Amino acid sequence: MATVIELPIETYAGPVDPDWCPGCGDFGVLKAVKVAAGKLGIKPKDLVVVSGIGCSSNLPGFIHAYGVHSLHGRAVAVAQGIKLANHDLHVVVTGGDGDGYGIGIGHFIHAMRRNIDITYVVMNNQIYGLTTGQASPTTMKDVRTKSTPRGNAEPPINPIALALVSGATYVARGFSGEPEHLAQLIAGGIAHRGFALIDVFSPCVTYNKVNTYPWFKQRIYKLEEEVGYDPSDAMAALQKSFEWGDRIPIGLFYKDAHPIYEDSEPALRRGPLVRHPLRPERAIFEELLAELM
Amino acid sequence: MREVTVGIGGAAGDGLDKTGDTLAKTAARLGLYVYAYNSYQSVIRGGHIWLRVRIGEKRVTSHGDHLNVLIALNQDSIERHAREVEPGGAVIYNSDKLKLDPTLLRNNVLPVPLPVSAITKPLGKIPPVMQNTVALGALLFLIGLDFETAASVLTDTFKHKGQAVIDQNVAIARAGYDYAREHFVPLGYTWTFTHIRRPFITGNEAFAIGAVMAGCKFYSAYPMTPASSILHWMAAHAERCGIVVKQCEDELAVVNMAIGAGYAGVRAMCGTSGGGFALMTEAIGQAGMIEAPLVVIEVQRGGPSTGLPTKTEQGDLNQVFGASQGDYPRVIIAPGDVADCFATVVEAFNLAEKYQLPVIIMSDLLLSEHPETIEPEALRYDVPIERGELVTEWDESQGRYKRYVFTRSGVSPRALPGTEGAVHVAATDDHDEEGILISDIFTSPPVRRKIHEKRMRKLEAVLRELPPPVLEGPEDADVTLIGWGSTKGVIQEAAEKLAREGIRANHLHIKYLFPFHAREVTEILRRCRKIVGVEANYSGQFARYLRAETGISVDALIRKYDGEPFEPHQIVESVKAILQGKPRTLDVAEDEACEIANHYIRTHLDDDARPGRVSRLERDGFEEPLWSVEIISRETGQRRGRLLIGVETGSTYRWEESAS
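Residues numbered from 1 in each chain as written. Chains lettered and ligands numbered in written order. Predicted model: local features only at pLDDT ≥ 70, side-chain atom pairs only at ≥ 80, totals over all residues. Heavy atoms only, no water.

As for the overall build of chain A
Regarding its fold elements, chain A presents nine helices and eight strands. Expected size for 293 residues packed as a compact globule is a radius of gyration near 19 Å; at 20 Å, chain A falls within 12% of this value. Summarising its shape, the C-alpha atoms of chain A cover approximately 70 × 45 × 40 Å along the three principal directions. Looking at the 293 residues of chain A, the share that counts as buried comes to 59%. The long-range fraction of contacts in chain A, counting pairs at least 24 apart against all pairs at least 6 apart in sequence, stands at 71%. Carbon and sulfur atoms make up 56% of the accessible area of chain A, which amounts to about 11,700 Å² in all. With 27 positive and 30 negative side-chain charges, chain A shows a spacing of 4 Å between the two charge centroids. (Helix = DSSP H or I, 4+ residues; strand = E, 2+ residues; numbered from the N terminus. Rg over C-alpha atoms; globule rule 2.2 N^0.38 Å. Buried < 20%, exposed > 50% of the residue type's maximum accessible area, 1.4 Å probe, protein only. Contact = heavy atoms within 4.5 Å. Areas by Shrake-Rupley, 256 points an atom, 1.4 Å probe, with all protein chains shown as cover. Lys, Arg positive; Asp, Glu negative; His and termini not counted. Charge placed at Lys NZ, Arg CZ, Asp CG, Glu CD.)

Pasting the structure below:
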């Protein structure tokens, strides 16, 4: 195995500074993504960061890597197309809870079911930020927002449980207030062969006055420090995924090796599609013609 | 011109498509031209399937106006179609199971009852579906096609099932052929067989094969009639042709995956029908914005909404024009026939990559699903492949790579992810030359203006590259027929028919819908006397577009939106009525009253009756004239009652049961 040459974080310095609100959780996530890529020695040219729309989805503009800032909810679909076209690339999707667990939830579930080898980092702030503070799919029940002035009537999505039952093979949760731990989780996700979800508590300091840094700090604990916790045990992971309240786990919930979608595609055995010759062999043309006669 | 049209009627599951395919390929191997159209329903078993196979010594470009031989696989088909068979023709049916009421036949139509079990008795027990093969054998004799050629087609068709199956099929067809030879006189067709072999191919197959030859490596789709057969073809050939074929969770994923693949550098295509296209529209604007190449095939069916899943229409033009918010560069092409489907998809990939934009190909059920013979040279191996300007490496000492650099042509050389030194973001928010968003901190109006102009400017070069339409037929015609897409062949044939009746017609057919050759089309139409639009939709969507682009209004419109494709005579009759100044009638015609009665029988009378005599009544207490359709028992032939149908509204007013 080739030795990994780690790259410094400056390698990924983007052309412009982030325009997130001061104190936004997403700063920590951006840094963690850069640290993770550097730790794995991924050159900017081989990294594609794909996002949808939302505050957090502006991330590709702030990192020196290839990127697609796609449509609201469609990042995971675009990312899969990129991965299937060139599976030598490292494809990381970054976005928010509204983007991934609301409008884009169909792609999220099906990408996990396929176990396609992409990494999905969701900056989960439990609110719609860029549209100035409406309830999101992860806003807790009874929380008042601009769109739920009498309190949110709907219970939130449980992204960890959803990922576990949908077939993701690397399921983790981080906290942007713990950037080093988060970077490890993201690096683990990128290195993992298969679909990796890293759901990140990334507080919105402007619109979410409930789930704040102190709120999380009082509650979170790391699964890695939990004696006897085995991340290869799917049922244990599922049980942990429902823990919410005074104690909320972060860390690696689940990881296991399973065949990835790319393994099932005969065309990909000949290397990335993008490097295949465009024209088929002449014999194929003759065969296709014969079928029509 | 020597030609024959064979109609095969039955239910879904009767296997009539295989029978039609064998007939068509037999004719094609003999060097004849074939055009087939299958009118089918959204049902897996049952329903009424009506396949017409038109065979001619010269090229046939529609299923035509005639019915010469009917092969009826069930009673329903006899009752619906026997009276359409023209004098000199024949009705072939399995007399073990079906009855042919001779009063249904026009003069000089030959009944051909086949006692299938007696004919096939020496061959042992055969599956019921093989009654078709007996009928096919009899048909070959009656219309003078060579049996050995048919045997060779059957041999190739069943090759994968082994020699025993081949032998059984050939023996059964031969039994039918021999029985007909012993009992009937042929219908008098004499053919000159050139034995020039032509591919027999559908529009969707032509799209798929064209895409493979053009280097398509990624095809995504969600099942939707009538685009699904592209998915099926691609899936069946994916491994051999080295294509990743992705059936996705929805059309949102379909188009976004294709855009991702196109961005990453492979030629990517997706296909759908109008409903799926509606879900794709936002992403098509995305391809325009991030300048990713994309080819989308939109195979129209009857709309709106779920509409007519298995019927044809050209009703999605407004949708395709209106797809996505804002202005963005895109190309919209409507091929006119099956050979053109192959050429169009090749052209679409080149345009998509050279100009880095979405190309939408508009087909419809008729064009995509009907097979016809095409000239062998229409399918080419060495198609032109033009990828446009690609940056394969970038020396950063020359400065930062600008993905969207402002150029005179509007085309900015494209770098694929993985390229050293050319890292950039492709963003759906508007952006500057480098791809950096301009919408966040300060939306610079001049940067926005210049990048918008850069993108849109690409269309100028596209338009220069596309060949303008050409007026076919006499310059000084009485009437000019203008159409687009799949109606090309039928309009051409209608123009020829009009000429034979002394009406000089010419034909302007539009393939490139956007960008539009407004100047050239205006020049052509200004010289025309009477312009008649022909479209398979309700509102004349193209005519409206033509008016917007040229200021020219058509003098009249011939429209069809009943789900069935145009037949040449329908256009001819409409043109004559227009020239005579007759107002267009929307009244229910007599044959339509029968079809309305058939629908009533199916939904209210348990399907065991059929329409009989039709008469027209004046008002009779209703606010409009009426069709009175006599309903007859299938079993006994007894009158069961009558159905009153409004001539103007088509309303089924009343079912009056006869006193028994």
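A short note on the sheet that holds strand S4 (residues 119-124) of chain A
Reading across the sheet, the nine strands line up as S7(A)-S8(A)-S5(A)-S6(A)-S4(A)-S3(A)-S1(A)-S2(A)-S17(B) and stay open at both edges, with mixed pairing between neighbours. For this open sheet the edge positions go to strand S7 (220-222) of chain A together with strand S17 (425-427) of chain B, each flanked by a neighbour on one side alone. Across the sheet, the mean angle from the axis of one strand to that of its neighbour is 20°, orientation sign disregarded. Taken together, the five bridges between strand S1 (residues 47-51) of chain A and strand S3 (residues 90-96) of chain A define a ladder with parallel strand orientation. Bridging across to S3 of chain A, Val49 of chain A finds its partner in Val92 of chain A. Lying over the sheet, helix H8 (residues 234-241) of chain A contacts S7 and strand S8 (248-255) of chain A, oriented at roughly 155° with respect to S8 of chain A. (Pairing = 2+ DSSP bridges. Axes fitted to C-alpha atoms, helices over the stretch in contact; angles between N-to-C directions.)

Digging into the nonpolar core
Formed by 105 residues in total, the largest nonpolar core has its most connected members in Val50, Ile82 and Phe195 of chain A together with Leu513 and Phe542 of chain B. Leaving out residues up to four positions away in the same chain, Val50 of chain A has contacts with Pro60, Val68, Ala75, Val78, Ala79, Ile82, Val91, Val92, Val93 and Thr94 of chain A. Counting 61 residues, the second-largest nonpolar core is a separate cluster that includes Ala90, Val112, Phe147 and Ala150 of chain B. (Core = buried A, V, L, I, M, F, W, Y, C linked by side-chain atoms within 4.5 Å.)

Description of the packing of helix H5 (residues 147-157) of chain B against helix H6 (residues 163-183) of chain B
Residue and element names in this part refer to chain B. Close contact between H5 and H6 brings their axes to 9 Å; oriented N to C, the two are set at 155°. Taken together, the axis directions place H5 and H6 in an arrangement best described as roughly antiparallel. The crossing of H5 and H6 is right-handed. Here H5 contributes Phe147, Glu148, Ala151, Leu154 and Thr155 to the contact with H6, which in turn contributes Ile166, Asn169, Val170, Ala173, Arg174 and Tyr177. Of the residues assigned to the contact of H5 with H6, the class counts are seven nonpolar, two polar and two charged. (Parallel < 35°, antiparallel > 145°, perpendicular 65-115°, else oblique. Left-handed = near helix turned anticlockwise from the far one by under 90°. Nonpolar A, V, L, I, M, F, W, Y, C, P; charged D, E, K, R; others polar.)

Some words on the interface of chain A and chain B
Listed by partner, the interface residues are 57 residues for chain A and 70 residues for chain B. Of the roughly 5,400 Å² buried at the junction of chain A and chain B (both faces included), carbon and sulfur atoms supply 65%. Of all residues in chain A, Tyr66, Leu278 and Met293 of chain A give up the largest surface area on contact with chain B, accounting jointly for 15% of the area buried on that side. The interface formed by chain A and chain B holds two salt bridges in total. A salt bridge links Glu287 of chain A to Arg240 of chain B; the shortest N-O distance between them is 2.6 Å. The tally of links between chain A and chain B comes to 23 residue pairs in polar contact (both at pLDDT 80 or more). For the side of chain A that touches chain B, the element with the most residues is helix H9 (residues 282-291) of chain A, which contributes eight residues. (Buried area = accessible area lost by both parts, 1.4 Å probe. Salt bridge = Lys/Arg side-chain N within 4 Å of Asp/Glu carboxyl O. Polar contact = N/O pair within 3.5 Å; in protein donor to acceptor, adjacent residues only side chain to side chain.)

What to know about the domain arrangement of chain B
Taken domain by domain, chain B consists of domain 1 (3-183), domain 2 (200-378), domain 3 (390-465), domain 4 (471-579) and domain 5 (590-657). Here the C-alpha centroids of domain 2 of chain B and domain 5 of chain B sit 43 Å apart. (Domains from an automatic or database assignment.)

Topic: the side chain of Gln131 of chain B
Residues and elements named next belong to chain B. Turning to its location among the elements, Gln131 is positioned in helix H4 (residues 131-143). A relative accessible area of 9% means that Gln131 is categorised as buried. For Gln131, the contacting residues outside a window of four places in its chain are Leu73, Asn94, Lys97 and Val116.

Section: the sheet that holds strand S18 (residues 471-472) of chain B
Residue and element names in this part refer to chain B. Taken in spatial order, the five strands of this open sheet run S18-S20-S19-S22-S23, and their pairing is mixed. A strand with exactly one partner marks an edge of an open sheet, and here the two such strands are S18 and strand S23 (556-559). Here strand S19 (residues 479-484) runs beside strand S20 (residues 505-510); their pairing, made up of six bridges, is parallel. The partner of Gly483 across the bridge, within S20, is His509. Along the sheet, helix H15 (residues 488-500) contacts S18, S19, S20 and strand S22 (531-535); its crossing angle with S20, the most-contacted strand, is approximately 170°. Those strands touched by helix H18 (residues 568-579) are S19, S22 and S23, and its axis lies near 155° from that of S23.

Describing the side chain of Asp316 of chain B
If you trace the backbone, Asp316 of chain B turns up in the loop between strand S11 (294-300) and helix H11 (317-322). When near neighbours in sequence (up to four residues on either side) are disregarded, Asp316 of chain B contacts Gly274, Glu298, Gln300, Met362 and Gln541 of chain B.

Re the packing of aromatic side chains
Counted according to the given criterion, the structure contains 25 aromatic pairs over all chains. Considering the side-chain rings of Tyr538 of chain B and Tyr561 of chain B, the 4.9 Å spacing of their centres and the 65° angle between planes classify their relative orientation as edge-to-face. Of this pair, Tyr538 of chain B sits in the loop between S22 and helix H17 (541-550) while Tyr561 of chain B sits in the loop between S23 and H18; the two residues are 23 residues apart in sequence, bridging distant segments of the chain. Members of the aromatic cluster, each reached through a chain of ring pairs, are Phe175, Phe201, Tyr213, Trp215, Phe216 and Trp244 of chain A. Over the ring of Phe514 of chain B we find Arg330 of chain B, and its NZ or CZ is 4.2 Å from the ring centre. (Phe/Tyr/Trp six-rings, centres within 6.5 Å; stacked < 30°, edge-to-face > 60°. Lys NZ or Arg CZ within 6 Å of the ring centre and 35° of its normal.)

Here's the deal with the pattern of salt bridges
Overall, the coordinates contain 63 salt bridges over all chains when judged by the stated rule. Salt-bridge contacts for Lys240 of chain A lead to Glu243 of chain A; the nearest nitrogen and oxygen are separated by 3.3 Å. With a relative accessible area of 16%, Lys240 of chain A lands in the buried category. Judged by relative accessible area, Glu243 of chain A falls into the partly exposed class, the value being 22%. The salt bridge partner of Arg455 of chain B is Asp430 of chain B, with a shortest N-O separation of 2.9 Å. Here Asp430 of chain B lies in the loop between S17 and helix H14 (445-465) and Arg455 of chain B lies in helix H14, a separation of 25 residues in the sequence. Take Arg455 of chain B and Asp430 of chain B: they sit in the same class, and that class is buried. Taken together, the shared-partner salt bridges in this structure form one network comprising Asp76, Glu79, Arg80, Asp101, Glu595, Arg610 and Arg634 of chain B.

Topic: helix H1 (residues 16-29) of chain B
Residues and elements named next belong to chain B. The end-to-end C-alpha distance of H1, which contains 14 residues, comes to 20 Å, matching closely the 20 Å that a straight helix rising 1.5 Å per residue would cover. Inspection of H1 places Leu16, Thr19, Gly20, Thr22, Leu23, Ala24, Lys25, Thr26, Ala27, Ala28 and Arg29 among the buried residues, and these make up the whole buried set. Positive phi shows up at Gly31, right after H1, with a value of about 100°. (Expected span 1.5 Å × (residues − 1).)

So, unusual backbone geometry
Residues and elements named next belong to chain B. Between Gly303 and the following residue, Pro304, the backbone shows a cis peptide bond with an omega angle of 0°. With respect to the helices, strands and loops of the structure, Pro304 is situated in the loop between S11 and H11. Residue Phe514 is joined to Pro515 through a cis peptide bond whose omega torsion reads -10°. Tracing the backbone through its elements, the reader meets Pro515 in the loop between strand S21 (512-514) and helix H16 (518-526).

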